[in-house]
Amino acid sequence: MIELSVVDLAIAASLVLLLALLSLQLKSRISQQLIVAGIRTAVQLTLIGLVLKVLFANAGFGWVLLLSTVMLLEAGREVMARQERRFTGWWGYAVATFSMFLSSFAVTVFALVAILGEDPWYTPQYAIPLLGMLLGNTMNGIAIAMDRLTHTAWEQRAVIEARLMLGERWEQAISEYRRLAIRSGMIPIINAMAAAGIVSLPGMMTGQILAGAPPVEAVKYQILIMFLVTAGTGLGTLAAVSIGARHLFDERQRLCLGRLRQP
Amino acid sequence: MSKAPPLLQIKQLSRKVIGPVNLAIEAGDCLCISGPSGCGKSLLLRALADLDEHSGEACLHGVSAGDIPADNWRRRVGLLPPESVWWLPRVADHFSAELPVALQRIGLGDDILARQVMRLSSGEKQRLALMRLLCNRPEVLLLDEPTANLDPENTRRVEAVIDEYRRARQAVVVWVSHDRAQVERVADRYCVVKAGQLVEQDIEGRQ
């Protein structure tokens with residue numbers, strides 16, 4: 001493996017800096033965001049690198065659980081922040097976090113126990129990166145699906161209520177929008193699977209190859225990850241949209257858009 | 001022997017600007033409601049269809065709405081809003097049950113069922129929306145200005161179809177209308193909304 005020095009990273013950073021200067025010239029107003037995001041990337045990844053170094057050296061279950069919980073809670077917050085019309089109060093956060101817990105945690109534990117079979121099963125070198133990959137991807141799927149669900153419920157209020165007026169149950173009245181929301185959440189990962197290896201070389205696999213792993217081994221891991229991510233995204237999106245759609249109606253099956261925040 | 005409860009009974013029903021409303025309407029009766037815009041007529045109909053949260057209760061044959069599943073209640077107490085809403089491309093896709101009345105009775109041909117909804121006029125859509133509602137055979141019809149988009153000839157046709165349905169099935173009709181002449185043609189009872197209250201008047205408008 002070729003060891004990267006600070007100078008190597010600084011050269012890469014200069015490209016982002018150059019882009020920021022170019023943006024400034026073109027008055028595209030993203031130069032500041034670009035620099036802040038670049039600094040955040042460097043600082044956050046350095047910190048997590050240090051945390052992982054300590055964690056790998058002290059493989060206690062409590063520490064793995066603590067870091068996993070922090071990652072999960074932050075992912076729940078990210079999902080909420082990306083929605084234009086999110087549920088008010090703690091509900092939206094709870095739906096997103098619960099759905100990710102159900103999907104990412106369940107799939108990660110399943111993969112650690114049933115596929116990787118490392119002893120102990122929570123070995124941080126495997127558990128944390130795997131959970132991170134799953135959380136990152138299910139987070140996107142759930143955020144897109146929930147945003148689509150709440151947005152269409154708001155836009156199509158007249159249709160949903162017209163169907164209720166004709167005696168349809170809430171599940172029937174919102175079925176079309178629920179289906180579209182689940183589809184929206186799943187499309188990115190389906191596209192990623194379809195394009196993998198032809199249009200794009202997935203990041204994790206590329207990273208492993210650059211770090212010196214044999215390409216065939218890297219590919220096997222990538223396939224494993226993509227299947228796990230697909231299962232996690234699907235489960236998480238289904239759970240979030242199902243719970244979210246139910247919460248759009250009260251016990252008398254009335255559409256309650258007052259439960260959504262104004263944008 | 002005790003008297004049977006009225007088909008529709010409204011007890012202390014309030015929703016935002018309207019209420020408390022207390023009313024009992026017997027089977028086969030048509031109650032017309034008038035009042036200025038924003039006085040709460042549509043809110044009252046929505047509350048009766050149990051689409052909005054409200055205080056008080058509505059009862060069908062003495063059974064409270066809360067004791068009847070919401071979807072069942074809305075099939076029995078059908079609301080026709082002023083603007084019809086359609087969600088599938090073809091007209092026929094919105095009809096699963098047999099039509100209660102021949103389409104010719106409301107001035108439409110059978111071929112309209114095969115047409116695309118987006119190609120219909122607002123008047124055609126409104127008449128078809130009434131047909132769609134009647135397919136459920138509701139016991140109570142809540143009509144929110146059902147003829148607002150119709151010409152006089154089709155207005156009379158719609159009035160005749162509703163009247164015939166009401167008599168044949170002994171249904172209750174609650175009809176919001178701003179048209180005094182229409183009220184005189186269709187109503188058995190007449191109320192005006194004043195300061196959030198339903199004030200009953202005789203059909204000719206004398207209190």
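Before we move on, can you summarise the overall build of chain A with the specific residues and values?
When you go through chain A residue by residue, the secondary structure sums to 9 helices and 0 strands. Overall, chain A shows an N-to-C arrangement of helices and strands of α-α-α-α-α-α-α-α-α. Across the 263 residues that make up chain A, the buried fraction comes to 32%. For chain A, the proportion of contacts with a sequence separation of at least 24, taken over those separated by at least 6, is 74%.

Pulling in residues and values, what's your account of the overall build of chain B?
Secondary structure summary: chain B contains 5 helices and 10 strands in total. A globule of 207 residues ought to have a C-alpha radius of gyration of about 17 Å, and chain B, at 17 Å, matches this closely. Principal axes of the C-alpha set define a box for chain B whose edges measure 50 × 40 × 35 Å. Put simply, chain B has 207 residues, and 39% of those count as buried. Pairs at least 24 residues apart make up 69% of the contacts formed inside chain B by residues separated by at least 6 positions.

Help me get a handle on the sheet that holds strand β2 (residues 18-25) of chain B, residues and values and all.
One open sheet holds the 4 strands; their spatial order is β2-β1-β4-β5 (chain B), and the pairing between them is antiparallel. In this open sheet, the two strands that pair with only one neighbour each are β2 and β5 (63-64) of chain B.

An account of the domain arrangement of chain A is requested, with residue identities and associated values reported.
Its domain assignment divides chain A into domain 1 (1-57) and domain 2 (60-259). Tallied by class, residues from the side of domain 1 of chain A that touches domain 2 of chain A come to 5 nonpolar, no polar and no charged.

Got a sec to walk through helix α4 (residues 152-169) of chain B? Specific residues and values, please.
Residues and elements named next belong to chain B. If you check α4, its first and last C-alpha atoms are 26 Å apart, about what 18 residues at 1.5 Å a residue would give, namely 26 Å. Among the residues of α4, those classed as buried are Val158, Ile162 and Arg166. Viewed along the axis of α4, the buried residues span an arc of 70 degrees, placing them on a single side of the element. Looking at α4, the residues exposed on the side facing more than 90 degrees away from the buried face are Glu153, Arg167 and Ala168.

So what's going on with the confidence of the model for chain A? Residues and values would help.
Residues with a pLDDT of 70 or more make up 100% of chain A, whose mean pLDDT is 90. The secondary structure element of chain A with the lowest average pLDDT is helix α8 (residues 203-210) of chain A, at 83, and the one with the highest is helix α6 (residues 157-165) of chain A, at 97.

Explain the interface of chain B and chain A to me, using residue names and the numbers behind them.
Contacts between the two partners involve 15 residues from chain B and, on the opposite side, 13 residues from chain A. Sorting the residues of the side of chain B that touches chain A by element identifies α2 (70-76) and β6 (77-80) of chain B as the ones contributing at least two each. It is α2(B) that contributes the most residues to the side of chain B that touches chain A, 4 residues altogether. Looking at side-chain class alone, the side of chain B that touches chain A contains 6 nonpolar, 2 polar and 7 charged residues.

How would you sum up the environment of Asp179(B)? Please name residues and give values.
Within the fold, Asp179(B) resides in the loop between β8 (172-176) and α5 (180-186). When the C-alpha positions of Asp179(B) and Leu134(B) are compared, they lie 23 Å apart, and in sequence the two are 45 residues distant.

Tell me about the sheet that holds strand β9 (residues 189-194) of chain B, and name the residues and values.
Residues and elements named next belong to chain B. Overall, mixed pairing links the 6 strands, which are arranged β6-β7-β8-β3-β9-β10 in an open sheet. Either end of the sheet is taken by a strand with one partner, and the two such strands are β6 and β10 (197-201). Strand-to-strand, the axes of this sheet are offset by a mean angle of 20 degrees, without reference to chain direction.

Now, about the environment of Phe249(A): what can you tell me, with residues and values included?
Residue and element names in this part refer to chain A. Looking at the element boundaries, Phe249 is found in the segment after α9 (215-247). Residues Phe249 and Leu238, 11 residues apart in the sequence, show an inter-C-alpha distance of 18 Å. When near neighbours in sequence (up to four residues on either side) are disregarded, Phe249 contacts Trp170, Arg254, Leu255 and Cys256.

For the pairing of strand β3 (residues 30-34) of chain B, give the residues involved together with the corresponding values.
Residues and elements named next belong to chain B. By the criterion of burial, β3 is predominantly enclosed, with 4 of the 5 residues buried. Pairing geometry for β3 and β8, over 4 bridges, is parallel. In the strand pairing of β8, Cys30 is matched with Val173. Here β3 pairs with β9 via 4 bridges, running parallel. Within β9, the residue paired with Leu31 across the bridge is Arg189.

Talk me through the confidence of the model for chain B; I want residue IDs and the actual numbers.
When pLDDT is averaged along chain B, the result is 94, and 98% of the positions lie at 70 or above. Scored by ipTM, the complex comes to 0.95, with pTM at 0.88.

Let's hear about helix α1 (residues 41-48) of chain B: which residues, and what values?
Turn by turn, an α-helix covers 3.6 residues, leaving residues three or four places apart pointing in a common direction. Residues and elements named next belong to chain B. With 7 of 8 residues buried, α1 lies mostly within the body of the structure. Taken residue by residue, α1 has Lys41, Leu43, Leu44, Leu45, Arg46, Ala47 and Leu48 as its buried positions. At the exit of α1 stands Asp50, carrying a positive phi of roughly 60 degrees.

Which residues make up the environment of Met205(A), and what are the values?
Residues and elements named next belong to chain A. For Met205, the location among the structural elements is in helix α8. Separated by 103 residues in the primary sequence, Met205 and Leu102 have C-alpha atoms spaced 26 Å apart. Contacts of Met205, omitting those with residues within four sequence positions, involve Ala218, Val219 and Gln222.

An account of the packing of helix α5 (residues 124-155) of chain A against α9(A) is needed here, citing residue identities and associated values.
In a pair of packed helices, the angle between the axes and the distance between the axes together describe the arrangement. Residues and elements named next belong to chain A. Taken N-terminus to C-terminus, the directions of α5 and α9 make an angle of 35 degrees; their axes are 8 Å apart at the nearest point. As α5 packs across α9, the resulting crossing turns out to be right-handed. For the pair α5 and α9, contact is made by Met133, Leu134, Asn137, Thr138, Gly141, Ile142, Ala145, Met146 and Leu149 and by Ile225, Leu228, Val229, Gly232, Thr233, Gly236, Thr237, Ala240, Val241, Gly244 and Ala245, respectively.

About the criteria used
- Residues numbered from 1 in each chain as written.
- Chains lettered and ligands numbered in written order.
- Predicted model: local features only at pLDDT ≥ 70, side-chain atom pairs only at ≥ 80, totals over all residues.
- Helix = DSSP H or I, 4+ residues; strand = E, 2+ residues; numbered from the N terminus.
- Buried ≥ 20, exposed ≤ 12 C-beta atoms within 10 Å, placed from the backbone.
- Contact = placed C-beta atoms within 7 Å.
- Rg over C-alpha atoms; globule rule 2.2 N^0.38 Å.
- Pairing = 2+ DSSP bridges.
- Domains from an automatic or database assignment.
- Nonpolar A, V, L, I, M, F, W, Y, C, P; charged D, E, K, R; others polar.
- Expected span 1.5 Å × (residues − 1).
- Arc of directions from axis to C-beta.
- pLDDT = per-residue confidence, 0-100.
- Axes fitted to C-alpha atoms, helices over the stretch in contact; angles between N-to-C directions.
- Left-handed = near helix turned anticlockwise from the far one by under 90°.

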